[in-house]
Amino acid sequence: MSDPVLPGFTADPHLVVYGDTYWLYPTTDGFDDWSGTRFRAYSSTDLTRWTDHGVILDLATDISWGDAYAWAPAAIEKNGRYYLYFCAEKAIGVAVADSPAGPFRDALGKPLIAADAYPHQMIDPMVLTDGDGRSYLYWGQGASYQVPLHDDMVSFDPDQVRVYTPEGYNEASFVIERDGVYYLMWSENDTRSADYRVAYAVSGHPLGPWSDRRGVILAKDEARGILGTGHHSVARAPGTDDWYIAYHRFAIPGGDGTHRETAIDRLHFTDDGAIVPVF
Ligand code: FUB
């Protein structure tokens, strides 16, 4: 699992399981200022051999309100439809398809969250569907915004938006539930820094209140040339308590904050439910 799992430069990988198949939705990387326009999707049944399903959404041709800065997609299925939350021009949109491989089409024709909707940057969406079927949207650079989504998956009540800014928070909120504990994880430092890393807090509810920061779970390993590890996602293997973390790092060799690659590792928990650091 130490090699990059996808070809070329990719970042912000969102790992999700549909049935017995894993899907990865990354940012297409390798552009100055992260100015790419296209999202691709990849699928696998073993987390090592990935099938490239091609471009599933291209801001330049498919989105009327944002042409570039295609960042940080997040995928989820609900009621047989597949939703892709994505960044464009530092706003957040949502697209929908009948298949995980798309083609995705803009669900709203406008941003779900406009660039100036709240303080800080409106980027890095993530959606959790809880055991009771309710879905929650998380996003934000500079602060972690959190809100229940309406059942249509493309709207929410602005009065319900909560803001959480733990010590060290920069971006890329990601939430999982295990044994009744909700784990909110986020990335710290700048994605151009070798010290980009992931930390976490816990709660008994998907919207908190959250604990204090519990510590770092993913960080650089300079001795092995692994730098800039962050903007991760976590998925559980179907029918097991085996968990996997997908994340990006500076490409090896010679990468940097705009030339990143996707890796996957096992994620382990201690008997008392703490996350064991991946280094
Ligand atoms: O890939 C573009 C941006 O870099 C993402 O939105 C951030 O989370 C950082 O990884």
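Structure shown above.
The structure presented is a predicted model; accordingly, all values stated were derived computationally and were not measured.

How each quantity is defined
Residues numbered from 1 in each chain as written. Predicted model: local features only at pLDDT ≥ 70, side-chain atom pairs only at ≥ 80, totals over all residues. Heavy atoms only, no water. Helix = DSSP H or I, 4+ residues; strand = E, 2+ residues; numbered from the N terminus. Rg over C-alpha atoms; globule rule 2.2 N^0.38 Å. Buried < 20%, exposed > 50% of the residue type's maximum accessible area, 1.4 Å probe, protein only. Contact = heavy atoms within 4.5 Å. Lys, Arg positive; Asp, Glu negative; His and termini not counted. Charge placed at Lys NZ, Arg CZ, Asp CG, Glu CD. Near = heavy atom within 4 Å. Polar contact = N/O pair within 3.5 Å; in protein donor to acceptor, adjacent residues only side chain to side chain. Areas by Shrake-Rupley, 256 points an atom, 1.4 Å probe, with all protein chains shown as cover. 1 Å grid on protein atoms, 1.4 Å probe; cavity = no way out; pocket = protein on both sides within 12 Å on 5 of 7 lines; lining within 4 Å. Sits in = over half its atoms within 2 Å of the grid points. Nonpolar A, V, L, I, M, F, W, Y, C, P; charged D, E, K, R; others polar. Phe/Tyr/Trp six-rings, centres within 6.5 Å; stacked < 30°, edge-to-face > 60°. Pairing = 2+ DSSP bridges. Axes fitted to C-alpha atoms, helices over the stretch in contact; angles between N-to-C directions. Core = buried A, V, L, I, M, F, W, Y, C linked by side-chain atoms within 4.5 Å. Points joined across faces, edges and corners; volume = space filled by probe spheres on them.

Visitor: So what's going on with the overall build of the chain? Which residues, and what values?
Guide: Of regular secondary structure, the chain possesses one helix and 20 strands. Against the 2.2 N^0.38 benchmark of 19 Å for 279 residues, the chain shows a C-alpha radius of gyration of 17 Å, consistent with a compact globule. Expressed along its principal axes, the backbone C-alpha trace of the chain runs to roughly 45 × 40 × 40 Å. Within the span of the chain, comprising 279 residues, buried residues form 57% of the whole. Taking contacts inside the chain between residues at least 6 apart in sequence as the whole, the part at least 24 apart equals 45%. Within the chain, one finds 21 positive and 40 negative side-chain charges whose respective centroids are separated by 1 Å.

Visitor: Kindly report on the site of the ligand, identifying the contributing residues and their values.
Guide: Contacts to the ligand come from 13 residues, most closely from Asp12, Asp124, Glu171, His231 and Arg260. Arg260 has a polar side-chain atom sitting 2.7 Å from an oxygen atom of the ligand. Protein chains shield 97% of the accessible area of the ligand, which is 280 Å² for the free molecule. A molecule is said to occupy a pocket when more than half its atoms come within 2 Å of that pocket's grid points, and by this definition the ligand occupies the second largest pocket. Classifying every residue of the shell around the ligand by side-chain character gives five nonpolar, four polar and four charged.

Visitor: Residue-level account of the packing of aromatic side chains, with values.
Guide: In this description, a pair of aromatic rings is defined by centroid distance and the angle of the planes. Scanning the model with the defined rule gives 17 aromatic pairs in all. Relative to Tyr244, the ring of Tyr22 lies with its centre 6.4 Å away and its plane at 75°, an arrangement referred to as edge-to-face. Here the residue Tyr22 occupies a position in strand S2 (residues 21-28), and Tyr244 occupies one in strand S18 (residues 243-250), the gap between them amounting to 222 residues. No difference in accessibility class separates Tyr22 from Tyr244, as the two residues are buried. Seen in terms of ring centroids, Tyr118 and Tyr145 are 5.3 Å apart; in terms of plane orientation they differ by 35°. Their pairing is tilted. Taken as a pair, Tyr118 in the loop between strand S8 (105-106) and strand S9 (126-129) and Tyr145 in strand S11 (residues 144-148) lie far apart in primary sequence, 27 residues in all.

Visitor: Break down the sheet that holds strand S3 (residues 38-44) for me, citing the residues and quoting the values.
Guide: Taking strand neighbours across the sheet as the criterion, the four strands line up as S1-S2-S3-S4 in an open arrangement whose pairing is antiparallel. Strands at the two margins of the open sheet, each flanked by one partner only, are strand S1 (10-18) and strand S4 (51-58). Averaged over all pairs of adjacent strands, the angle between their axes in this sheet comes to 25°, without regard to strand direction. Bridge analysis of S3 against S4 gives five bridges, and the strand direction is antiparallel. Along S4, the bridge assignment pairs Phe39 with Leu57.

Visitor: Please set out the side chain of Ser203 residue by residue, giving values where relevant.
Guide: Within the fold, Ser203 resides in strand S15 (residues 197-203). Exposure remark for Ser203: the relative accessible area of 9% places this residue in the buried category. Here the side chain of Ser203 touches His205 through a polar contact of 3.1 Å, landing on its backbone nitrogen. Reaching out from Ser203, the side chain makes a polar contact with the backbone oxygen of Pro209 at a distance of 2.9 Å. Contact partners of Ser203, with chain neighbours within four places excluded, come to Gly180, Val181, Tyr182, Gly208, Pro209 and Trp210.

Visitor: A description of the nonpolar core should follow, citing residues and the corresponding values.
Guide: Membership of the largest hydrophobic core comes to 32 residues, with the highest contact counts inside it found for Ile176, Tyr183, Met185, Val234, Leu267 and Ile275. For Tyr183, the residues in contact, after removing those within four places along its chain, are Phe174, Val175, Ile176, Arg178, Tyr200, Ala201, Val202, Trp210, Phe269, Gly273 and Ile275.

Visitor: Tell me what's going on with the environment of Ala68, and back it up with residues and numbers.
Guide: By secondary structure assignment, the location of Ala68 is in the loop between helix H1 (59-62) and strand S5 (71-78). A sequence separation of ten residues divides Ala68 from Asp58, and the C-alpha atoms of the two residues are 8.9 Å apart. Those residues within four positions of Ala68 in sequence are excluded, and the remaining contacts are Ser35, Gly36, Thr37, Leu59, Ala88 and Glu89.

Visitor: So what's going on with the pairing of strand S14 (residues 181-188)? Residues and values would help.
Guide: Burial runs high along S14: seven of the eight residues are buried. Hairpin connection from strand S13 (residues 171-178) to S14: two residues lie between these consecutive antiparallel strands, with Asp179 at a positive phi of about 55°. Note that S14 and S15 share seven bridges and pair antiparallel. Of the residues in S15, the one forming a bridge with Tyr182 is Ser203.

Visitor: So what about the layout of surface pockets? Which residues, and what values?
Guide: Of the pockets and cavities examined, the largest pocket occupies roughly 600 Å³. If you list the elements that add at least two residues to the lining of the largest pocket, you get S1, S5, S9, S13 and strand S17 (230-236). No other element matches the five residues that S1 contributes to the lining of the largest pocket. By volume, the second largest pocket is sized at about 310 Å³. Its residues assigned to classes, the lining of the second largest pocket comprises five nonpolar, five polar and eight charged.

Any functional reading would require information beyond the geometric quantities listed.
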